[in-house]
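Working through the structure, step by step
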Amino acid sequence: MASNSSGSDSSDRQRIAQQRLSVIAGHLQRPVEGNSGILAAECKAQGDKLDVSSEGRTVPRRRQEIMKWNGWGYSDSKFLYNKKGQAEFTGKRYRLSGMIIPGLREWMESTFGANLQHKTPAAPILNSSAVQPPTLNEAFLKELKSTGIPFSHDAEDRVFRSHGHCLHEIFALREGKIGRVPDLVVWPNCHNDVVKIVELACKHNVCLMPYGGGTSVSSALECPPEETRSIVSLDTSQMNRILWIDEKNLTAHVEAGIVGQDLERLLNESGYCTGHEPDSMEFSSLGGWVATRASGMKKNIYGNIEDLVVHIKMVTPQGVIEKSCQGPRMSTGPDVHHFIMGSEGTLGVVTEVTMKIRPMPEYQKYGSVVFPNFEMGVACLREVARQRCAPASIRLMDNEQFKFGHALKPQVSSIFTSFLDGLKKFYITKFKGFDPNRLCVATLLFEGDREKVLQHEKQVYDIAAKFGGLAAGEDNGQRGYMLTFVIAYLRDLGMDYYVIGESFETSVPWDRVLDICRNVKARIVRECKDKGVQFPPLSTCRVTQTYDAGACVYFYFAFNYRGLSDPVHVYEQVEHAAREEILANGGSLSHHHGVGKLRKEWMRETISSVGMGMLKSVKDYVDPNNIFGNRNLL
Amino acid sequence: MTSTYKDSGTASLKDEEEFTDILEERRRTTDLGYALRTFNPQLYKGAPSSSTSDLKKAVLESQYLRYIAKEIALETGSSVEKVRQEARGILEEMSHNLQLGFIRLMAYTFNKVFKRLFRSIYVNMEGLNMLQQAIQESPVILMPNHRSYVDFLIVSFILFTYDIPIPVIAAGIPLASMKVVGEILRRSGAFFIRRAIGSDKLYWAVLSEYVRTIVRTGCAPLEFYVEGFRSRTLKSVVPKLGMMDMVLEPYFKGEVFDITLVPISISYDRVVEESLLALELLGVPKPKESTTGLFKASRVLQEDYGCMHVNFGRPLSVRQLCEGKINRSEYNLIPRDLPQRPSTEIQDCVNWVAHLIVRTQEEGSLISPWSLMACLLLQAPITTLTEEGLQWHGLTEKTLWLRKLVLDFRGRLNWPAHTPDSDVMSSTVALHRSIVHHKAGRVCLVQDGDPASQDPLSPEEGVMRTAAAVLMLVSYRNQALHVFVRPGILATAIHITKSTQKDELFSFFCFLRDVFANEFIFIPGRASQDFDEACSLLQKCGAVHMSEQEVTVLETGLEVLSFLQKLLQPFLDSYQLIFRYLCENGAHVFTEKQFLPAVQNLATKLILSGDLHTFEVLSSDTQKNVLSALRRLEAVTKLRASQQNEYKVNKAAVRRTGDILSGKIPPESLHAIPDARL
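All values reported here derive from a predicted model rather than from experimental measurement.

1. Brief notes about the overall build of chain B
Assigned secondary structure in chain B consists of 28 helices and 17 strands. Overall, chain B is about 65 × 60 × 60 Å in size when its C-alpha atoms are taken along their principal axes. Intrachain contacts of chain B at a sequence separation of at least 6 include 78% that bridge at least 24 residues.

Shown next, in the form of structure tokens:
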């Protein structure tokens, strides 16, 4: 089964891929991977698998080598105000890197009432003495050592795996406050390693918490404070190989620890892609996507994770669960994959996944449309969904977010471009009579073969025109998508200046989209006022996905917390109220972020008591001793 | 901006200073100049500028109406197009056609009329300011009480004066059929609702969609009378829920973020229709609304009606009011466009909000010295009033005593400052010379009709004549009743049970509250708060002493308690009489048409024989209230199949209720507290 179709054609591709890889590797300041050889050797016993991905890994065991310990992403990339007081994005990794963003300061000052004089710097380094000494299960440790699987109880390693990226988690880290953290980190290298670890954990009653990319925003990685057993964080990041590619069936078998950018890059080398691009794809892992029911930006073409997965292997305390074949659809009772997808690490560790792959698209084109107001924009998206002609991605930003996007425009190099921008603005606001305080913009991404893309593009723009939409250029569209990767960095800048915030999402039927957007935004504003927030908050939303029967809506919420004694508590109260509002307006508890511990309290009303009982009985059978004790979901 | 119920209703003398006489400026400027003033109000921020035809189109094309039309077509076998045509007709008949030109015309006319009728129209500016703010934030519902035809459009008049968007107003259809005037009203923002809609499904659908669309879009403030109609008794009427339900639904369904309710209390020194009202209550039919009738009524312009107070209450956020009471997600599983029967939770909440609004209207209304005098005059024996008259000196003294009690009870009093009390008293009596006259140190009831007439009145006619005068007094007493009701019911409970035990008094208090729920406004589910309020007020005025378990009457409190008990005695007497009629005289099944005159006959007889001391039972309002109360207590049931309102009476149950009311048997614990959450 292992090595498949790969004829001379595919080995050619591989050769080309290798070349391209080395180029990319040059761009990336890739960490030294001293131990990759050893790790691969350890799992060689598994057979002659075609290890497509022996190189090009992004995530090292010691994440601290390239990533921030108390903020988002790479250590070398961040927003800051330079000596001239201009905002700038550091590093070399992104299109925005090294650029000045002239509009950001004014936007921050006017939107939040923030001020460069009022700083709230983060604790510069992790103080290891603030970390509680580990509670180790000696018997477990002894047997673990004998397996040769790498592990660590170094304070930094443990702290890195104790949190996701919820506001309260990052806020606490910035203040140098560290709560309960895992006692041990292990780095299995392959499926068999995981089987051994889970067996030992069961034997010695140790609590296991799977860790993939660490991008959770649902408190899923928080150690339950009531947990008294030794907590072992099972970091899948080293299980990151593509084991085989099946070009006849267009599937790839991949280890679940691989992060999105590596998966995509490595498949691209063979001329393929999964097309699964969640906003967190730089850091989030395949296993994490499966465990939370992730959704990607281009799901209109490629599908969400549940559409992409063909086969899953998961290690549970009861043993390994997997299906016997790779049939594209089965009628064999309830689909057991759906116990795994969304199980959020409560049942076991996903180790290997077979996923659909597609040939890389021949042609990509960005686009954007300006609408006179949000109502028209939503009506247009609804029509696009009705006609089932959504491009790979279509997103509609509200007016506040449009302005925000505008503030993030990098300095333009030529007078000509700035002149052109001015002209465009004049055309839209003066000539077309759009109110700059009401207009909103949709960003588009088309993919496929060139001819079809152009045809498709015309169809979508024609629909947009019926709703008063004006095409506003490729550039605006592309910038919109680029921003999704840097926006997470922006929160760290805000936090340097008394501004805290977060995003959260929901899915909702079409007829309620406008109502939910209006009501949730208004609720946030009112709650902030009631809770004593001194400045008006940023409360904005965008429609990020369209479905036949509804849409996914994303809310951004941030405020200046100067004058508040417990800003995080206020933040949490407001977010709680906003979620209540979402549910009252027919929105779902989550579209793709998951439940974790943050949204557990609403699970029963969401899926009914019987539904809870069903999930619970599965948990009770699969993991009676709560080895996978992160206490998410239920 | 908005605040919860708890904050409102604290009245003090200071409030009076905040009222501004809006006629004062009008008297100084020209009517025409005023009518042509620039009008440029701040609108609701979410409102699209939409015309009345847009509104009609939105209603007709709504998914909801499409659905209903299809359903009706299926039921009746007619075509969908026909049903929709019919809906269009209903909508045409209903729709307002608000035009600024007609508002100006209205303002011009009203200016002239009001300046003749009233000495002053006082408006609280703070309330107007809050309203102006509220209108920009969310759709606003203006909810005035309705005591006189004069107050139809008064709110529009005031809002025009202060540059606030003109409301559209729900009106009864008879107004629409008045020649010319109907059209003027329509163009001044009135929309018209048929009286007995009954089970006309299409009509309900058009009306509710029309109302909801107005609220949803926030195109104009919506004004309606939650009491449903003009109160003939000048007492608050138990709210009607149909319109309230339609108005709140857009919030329940998440179609708007919030809705603001503004209770408005309109109070008069003297009501233009006072004598008509009394006659109507006695069964003399009211004249049909007609344009010629309106002109005939122009003689009322010759008279003095004192002052009018329009008190704009604190805007209430529906969102805040409903918090914790309802779960809006019950609308998640059915498309919101489809008709859906609201859950009992929602219905209870609507009922609660409606009662709360009426209570707030009560608390915001101003009590005139005349109302206090009416309370006292009615406690004098009727022969004293009709014959020798009541001592002026005694009445003055007692009125001043009552003034203090009202203030103790946190009532809002409209007692002219900086005027000697004796002047206030005599000018008040002068204003109401159609009801009483003051001569030679005595006050007598004025009775209509020529005493020198050739044909002496029959005794029965005499009773009716006196009743007409008494019922006028009663209606002015009613304006003050809401201040006294809660302590009054406690005083009655003390009087009847002779108990000092708090729990015993509480259960009797609840029983009375239950029996009289059609008579007075009690907010559902607030029995214990009402009881506590009654206790604390009686304690405050030194009438009782409270301990953990007991309520003891103090020597100093006898005057207060006896006043309160006598204030409510007519209600007890009336109810007992009707109970007695039902148990002894009536058949097991009766119609409303038989019931009303039969009760009136019996009452007249008993008044003549001196066995009945109240004329209030002669009022059809009282009679209907008793019937409603008995239906609520399930002692009387309405027969379903019946076309002409037939009722079946359970005599044992009526008798038992009467026995509890007279204190012969203790009230069973009626309350399983069904609406504890409220």
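2. Remarks on helix α6 (residues 167–174) of chain A
All names here are of chain A. For α6, the tally of buried residues reaches 7 of 8 residues, placing the bulk of the element in the interior. By the burial criterion, the buried members of α6 are L167, H168, E169, I170, F171, L173 and R174. Of the surrounding secondary structure, the elements contacted by the buried residues of α6 are α5 (155–160), α17 (474–496), β19 (499–509) and α19 (567–584). Two residues or fewer after α6 comes G176, characterised by a positive phi angle close to 75°.

3. Some points on the packing of aromatic side chains
Applying the stated criterion to the full structure yields 42 aromatic pairs over all chains. Measuring from centroid to centroid gives 5.3 Å for F114(B) and F157(B), while their planes differ by 70°, and the two rings are edge-to-face. Of this pair, F114(B) sits in helix α7 (residues 100–117) while F157(B) sits in helix α9 (residues 154–161); the two residues are 43 residues apart in sequence, bridging distant segments of the chain. A relative accessible area of 0% means that F157(B) is categorised as buried. Grouped by ring-pair contacts, the aromatic residues Y34(B), F39(B), F110(B), F114(B), F118(B), F157(B), F160(B) and Y268(B) constitute a single cluster. Over the ring of Y554(A) we find R542(A); its NZ or CZ atom is 5.5 Å from the centre of that ring. The ring of Y149(B) has R230(B) lying over it, and the distance from NZ or CZ to the ring centre is 4.0 Å.

4. Remarks on unusual backbone geometry
Residues other than glycine seldom take positive phi values, yet L633(A) does so here, at roughly 75°. Mapped onto the elements of the fold, L633(A) is located in the segment after α20 (603–622).

5. Here's the deal with the domain arrangement of chain B
Residue and element names in this part refer to chain B. Along its sequence, chain B is carved into domain 1 (100–192 + 218–364), domain 2 (369–541) and domain 3 (566–669). One C-alpha centre belongs to domain 1, the other to domain 3; they are set 32 Å apart. Facing 5 residues of domain 1, the contacting portion of domain 3 comprises 7 residues. Overall, the association of domain 1 and domain 3 removes approximately 410 Å² of surface from exposure, summing both partners, and the carbon and sulfur fraction of that is 48%. Contact with domain 3 buries surface across domain 1, with K235, L281 and L282 losing the most and accounting together for 84% of the total. There are 0 salt bridges connecting domain 1 and domain 3. Inspection of the region where domain 1 meets domain 3 yields 2 residue pairs in polar contact (both at pLDDT 80 or more). Taken together, the residues of the side of domain 1 that touches domain 3 break down into 2 nonpolar, 1 polar and 2 charged.

6. Side note on the nonpolar core
Of all hydrophobic cores here, the largest spans 159 residues; its most connected members are F312(B) and F484(B). Each residue touching F484(B), except ones within four places of it in the same chain, is listed here: C375(B), L402(B), L405(B), V406(B), F409(B), F563(B), L564(B) and L567(B). Residues A114(A), L381(A), A558(A) and Y561(A) belong to the second largest nonpolar core, which totals 96 residues.

7. Looking at the pattern of salt bridges
Tallying each qualifying case throughout the model produces 77 salt bridges over all chains. Among the ionic pairs, R388(A) bridges to D548(A), the shortest N-O distance being 2.5 Å. Of the two residues, R388(A) sits in the loop between α13 (374–386) and β16 (393–397) while D548(A) sits in the loop between β20 (538–546) and β21 (550–560), which places them 160 residues apart along the sequence. What makes R388(A) exposed here is its relative accessible area of 64%. Of the charged contacts, one joins E227(B) and R147(B) as a salt bridge, the two residues approaching to 3.1 Å between their closest N and O atoms. One end of the pair, E227(B), is in the loop between β6 (222–223) and α13 (242–252); the other, R147(B), is in the loop between β3 (140–144) and α9, and 80 residues separate them in sequence. Across the pair, R147(B) and E227(B) agree in class, each one buried. In this structure, a network of salt bridges that share partners links the residues R523(A), E527(A), K531(A), E581(A), R319(B) and R328(B).

8. Considerations on the domain arrangement of chain A
Much of the literature gives interface size as the accessible area that the parts lose upon coming together. Residues and elements named next belong to chain A. According to the domain assignment, chain A contains domain 1 (63–112), domain 2 (128–237), domain 3 (242–359) and domain 4 (498–593). Between the C-alpha centres of domain 3 and domain 4 there is a distance of 30 Å. Taken together, the contacts link 10 residues of domain 3 with 6 residues of domain 4. One can count 1 salt bridge joining domain 3 with domain 4. D279 is paired through a salt bridge with R542; the nearest N and O atoms lie 3.7 Å apart. Connecting domain 3 to domain 4 are 4 residue pairs in polar contact (both at pLDDT 80 or more).

9. Some words on the interface of chain A and chain B
In this assembly, 13 residues from chain A lie in contact with 14 residues from chain B. Across the chain A to chain B interface the summed buried area is about 1,200 Å²; carbon plus sulfur atoms make up 33%. Sorting the residues of chain A by area buried against chain B places R512(A), R526(A) and A584(A) first, and these three jointly supply 42% of that buried surface. The tally of links from chain A across to chain B stands at 5 salt bridges. The partner of R336(B) in a salt bridge is D511(A), and the shortest N-O contact between them spans 3.3 Å. Seen at the junction of chain A and chain B, the total is 12 residue pairs in polar contact (both at pLDDT 80 or more).

10. Observations concerning the sheet that holds strand β11 (residues 436–439) of chain B
All names here are of chain B. Read from one edge to the other, the open sheet built from 3 strands follows the order β10-β12-β11, with strand pairing classed as antiparallel. Edge positions in the sheet fall to β10 (390–391) and β11, since each has one partner strand and no second. Strand direction decides the pairing type here: β11 and strand β12 (residues 442–445), joined by 4 bridges, are antiparallel. Bridge pairing in β12 links K439 to R442.

11. Some points on the UniProt feature "binding site: substrate" (unreviewed entry) in chain A
Residues and elements named next belong to chain A. Under the UniProt annotation, the feature "binding site: substrate" (unreviewed entry) is placed at R491. Relative to the elements of secondary structure, R491 occurs in helix α17. Overall, R491 belongs to the buried group, its relative accessible area being 18%. Ignoring anything within four residues of it in the chain, the contact list for R491 reads H165, C166, L167, I170, V499, G501 and E502.

12. As for the environment of D496(A)
Residues and elements named next belong to chain A. With respect to the helices and strands, the residue D496 is situated in helix α17. It is 29 Å that separates the C-alpha atoms of D496 and C517, two residues lying 21 residues apart in sequence. When residues no more than four places from it in sequence are discounted, the contact partners of D496 are H118, K119, T120, P121, A122 and R174.

The rules behind each value
Residues numbered from 1 in each chain as written. Chains lettered and ligands numbered in written order. Predicted model: local features only at pLDDT ≥ 70, side-chain atom pairs only at ≥ 80, totals over all residues. Heavy atoms only, no water. Helix = DSSP H or I, 4+ residues; strand = E, 2+ residues; numbered from the N terminus. Contact = heavy atoms within 4.5 Å. Buried < 20%, exposed > 50% of the residue type's maximum accessible area, 1.4 Å probe, protein only. Phe/Tyr/Trp six-rings, centres within 6.5 Å; stacked < 30°, edge-to-face > 60°. Lys NZ or Arg CZ within 6 Å of the ring centre and 35° of its normal. Domains from an automatic or database assignment. Buried area = accessible area lost by both parts, 1.4 Å probe. Salt bridge = Lys/Arg side-chain N within 4 Å of Asp/Glu carboxyl O. Polar contact = N/O pair within 3.5 Å; in protein donor to acceptor, adjacent residues only side chain to side chain. Nonpolar A, V, L, I, M, F, W, Y, C, P; charged D, E, K, R; others polar. Core = buried A, V, L, I, M, F, W, Y, C linked by side-chain atoms within 4.5 Å. Pairing = 2+ DSSP bridges. UniProt positions renumbered as here; feature names shortened; annotations may be inferred.

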